[in-house]
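Descriptive analysis of the structure
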Amino acid sequence: MSERLPEVSVAQGLAQGIAALPEGTPPAMRQACGSLLVDVAGICIAARRTDFMRATVQASDDPGECTVIGQAQPRSVAMAALCNGTAAHGEDYDDTFEGGPAHAGAVVVPALLATAERHGLGGADLGRGLAVGAEVICRLCLVAPKLVHKAGFHPTAVFGAIGAAAGVGAALRLDARQLVDAMGVAGSMASGIIEYLAEGAWTKRMHPGWAAQAGYRAARLAQAGFTGPRTLFEGEHGFFHAFARTHEGRFDLMLEGFGTRWLAADIAFKPYACGTMAHPYIDCARRLVAQGLDPSEVEGIECETAEGIVHRLWEPLANKQNPPNGYAAKFSIPYAIAVGLLRDDAGLGEYEEAVVHDPAVRALAGRVRYVVDPENPYPRQFTGHLRVTLRSGEVLEIRQGHFRGGVEEPLSFEDLVKKFRANCGYGGVDADRAGELLELLSNLLDAPRMDLRALRCA
């Protein structure tokens, strides 16, 4: 027999918190929302000519008035959200929440830009929706840490659909009952398995876009009176039972301090174009080279790592040492260490096919091994460690206990502007045009009405 249903469900408590928020962009989230807009738009421009975006845009040909960033032709609201979300996450260069990991910006920015453009909303509504959507995704990460990945699902994909529904609902001023329905409907739209890890298939790239358009559709269905389960999260057949294989979880963390304590204000931004947990290892590799290490003298490298990331970034080890393509390389710590040592970076250029198949890079990646550290603090912190044995027998060791770009060492807005300009250049947009786009994006939260046509590029 089922347990007695709660008088007030988790979704109802969350919806009440969203509906009670003051008008406009929450002040505590204004800087984060502005940074998300700039970062996501730049990444979309960088990805605009890629093979995966050509396929996505070609397949998403529903006509409409909503902007696909970096593309000439507008699309329907749902297809613009799908395309922009795919572009934003396609190079794995987008923001992350360290307690997840999950990539909120690649979901909520596409969902809310398309919503604002389609429904004639202004910057205050845009900011409100961005803040709510990102916060809901971050809080979902805390309920059952690591279990969604362990069950074979991508947290950004499944949490993203719920967050997008909440964010779009907040921007469209859905009431508390409608917000419950929106999230409940989105729960049946959430999807995204992690089998892309096997051979570097493209499916992870479209997960945030799919979540963005699903969230929009769910919110609109709820607005029209379509109902969803109020016990979405904690129910016997609910979201966490489906995607984390558990009925247990810290559901209190979804509600505690909502509207006064914004976890999403500490969203981290990436300096490298690859899986977040690889970043501290890259920093360690670059620091060793800066201290005088000659990569040609490396006999072997042993890294301490968290058990929770082994199945995604370390195993099968032979495949991670020899990734089949540039996308697979983004989820390989051995490869990340190799390019950090040999090329002093892990930007977009380091994941192009010519670099991935460079014999020197592959040879060095083949010398990287790992051991599991049972005391590693993942997912609360992302850490890096290299123990390098040289051909001479000398051993060098280096550690980094945090993710650069995160809470302990955040990127400044000036850093994000530099990244934006570099991404524009990578996508074939000149410096003058990049400056104009930066000004547009920097003022969106104050715009009386969305006009994103300048973000369309031939």
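Our subject in this report is the structure included herewith. (Residues numbered from 1 in each chain as written. Predicted model: local features only at pLDDT ≥ 70, side-chain atom pairs only at ≥ 80, totals over all residues. Heavy atoms only, no water.)

What follows concerns the overall build of the protein chain. Scanning the protein chain from terminus to terminus reveals 21 helices and four strands. Here the C-alpha atoms of the protein chain give a radius of gyration of 21 Å, agreeing with the 23 Å that 2.2 N^0.38 yields for 458 residues. C-alpha atoms of the protein chain, sized along the principal axes, occupy 70 × 60 × 35 Å. Sorting the 458 residues of the protein chain into buried and exposed places 61% on the buried side. Across the protein chain, every contact between residues at least 6 apart in sequence was considered, and the portion connecting residues at least 24 apart equals 77%. Accessible area for the protein chain stands at about 17,400 Å²; split by element, carbon and sulfur atoms hold 51% of it. (Helix = DSSP H or I, 4+ residues; strand = E, 2+ residues; numbered from the N terminus. Rg over C-alpha atoms; globule rule 2.2 N^0.38 Å. Buried < 20%, exposed > 50% of the residue type's maximum accessible area, 1.4 Å probe, protein only. Contact = heavy atoms within 4.5 Å. Areas by Shrake-Rupley, 256 points an atom, 1.4 Å probe, with all protein chains shown as cover.)

A word on unusual backbone geometry. The amide bond that connects Gly100 to the next residue, Pro101, takes the cis arrangement and shows omega of 0 degrees. Topologically, Pro101 is positioned in the loop between helix 4 (77-90) and helix 5 (105-119). Cis geometry marks the peptide bond from Tyr378 to Pro379, where omega comes out at 10 degrees. With respect to the helices and strands, the residue Pro379 is situated in the loop between strand 2 (368-372) and strand 3 (384-390). The backbone of Arg173 shows a phi angle near 65 degrees, a positive value even though the residue is not glycine. For Arg173, the location among the structural elements is in the loop between helix 8 (155-171) and helix 9 (176-187).

This part is about helix 10 (residues 203-223). Here helix 10 spans 30 Å end to end across 21 residues, near enough to the 30 Å set by a 1.5 Å rise per residue. Looking one or two residues beyond helix 10, the residue adopting positive phi is Gly225, at roughly 105 degrees. (Expected span 1.5 Å × (residues − 1).)

How two helices pack is summed up by the angle between their axes together with the distance between the axes. Running from N to C, helix 5 and helix 10 cross one another at 45 degrees; their axes reach a closest spacing of 8 Å. It follows that helix 5 is oblique to helix 10 by the angle criterion. For the pair helix 5 and helix 10, the crossing hand works out as right-handed. When helix 5 is examined against helix 10, the residues Ala106, Val107, Pro110, Ala111, Thr115, Arg118 and His119 are found in contact with a partner set consisting of Pro208, Ala211, Ala212, Tyr216 and Arg220. Tallied by class, residues from the contact of helix 5 with helix 10 come to eight nonpolar, two polar and two charged. (Axes fitted to C-alpha atoms, helices over the stretch in contact; angles between N-to-C directions. Parallel < 35°, antiparallel > 145°, perpendicular 65-115°, else oblique. Left-handed = near helix turned anticlockwise from the far one by under 90°. Nonpolar A, V, L, I, M, F, W, Y, C, P; charged D, E, K, R; others polar.)

Assignment of secondary structure puts Phe97 in the loop between helix 4 and helix 5. Along the sequence, Phe97 and Pro379 sit 282 residues apart, while their C-alpha atoms lie 9.8 Å from each other. Setting aside residues up to four positions removed in sequence, Phe97 forms contacts with Ala102, Cys138, Cys141, Leu142, Leu263 and Phe382.

The subject of this paragraph is the pairing of strand 3. A large share of strand 3 lies buried, amounting to five of its seven residues. With antiparallel pairing between neighbouring strands as the criterion, strand 3 and strand 4 (residues 395-400) make up a hairpin whose turn holds four residues, including Gly393 at a positive phi of roughly 100 degrees. (Pairing = 2+ DSSP bridges.)

In spatial order, the strands read 2-1-3-4; together these four strands make up an open sheet with mixed pairing. Both outer strands of the open sheet, strand 2 and strand 4, are each paired with one neighbouring strand and no more. With strand direction ignored, the average angle separating the axes of adjacent strands in the sheet is 20 degrees. Pairing of strand 1 (residues 298-305) with strand 3 involves four bridges; the strand directions are antiparallel. Across the sheet, residue Gly300 finds its bridge partner in strand 3, namely Thr389. Helix 17 (residues 333-343) contacts strand 1, strand 2 and strand 3 of the sheet and is inclined by roughly 130 degrees relative to strand 1.

This paragraph deals with the nonpolar core. Formed by 113 residues in total, the largest nonpolar core has its most connected members in Leu126, Phe233, Phe239 and Phe240. Residues Ile282, Ala285, Tyr351 and Phe382 belong to the second largest nonpolar core, which totals 48 residues. (Core = buried A, V, L, I, M, F, W, Y, C linked by side-chain atoms within 4.5 Å.)

Our next topic: the side chain of Asn376. By the secondary structure assignment, Asn376 is in the loop between strand 2 and strand 3. Only 3.0 Å separates the side chain of Asn376 from the backbone nitrogen of Tyr378, close enough to count as a polar contact. Excluding its chain neighbours within four sequence positions, the residues that come into contact with Asn376 are Thr305, Ala306, Gln381 and Thr383. (Polar contact = N/O pair within 3.5 Å; in protein donor to acceptor, adjacent residues only side chain to side chain.)

Our next topic: the environment of Leu140. Position of Leu140 among the secondary structure elements: in helix 6 (residues 123-141). Assessed through its relative accessible area of 0%, Leu140 is described here as buried. On a C-alpha basis, the gap between Leu140 and His241 in space is 13 Å, while along the polypeptide they are 101 residues apart. Sequence-distant contacts of Leu140, defined by excluding residues within four places in its chain, comprise Phe159, Ile162, Phe233, Phe240 and Met254.

Turning to the side chain of His385, a few remarks are in order. When you line up the elements, His385 lands in strand 3. What makes His385 buried here is its relative accessible area of 2%. At 2.9 Å, the side chain of His385 and the backbone nitrogen of Glu304 are in polar contact. Among the polar contacts made by the side chain of His385, one reaches the side chain of Glu397 at a distance of 2.7 Å.

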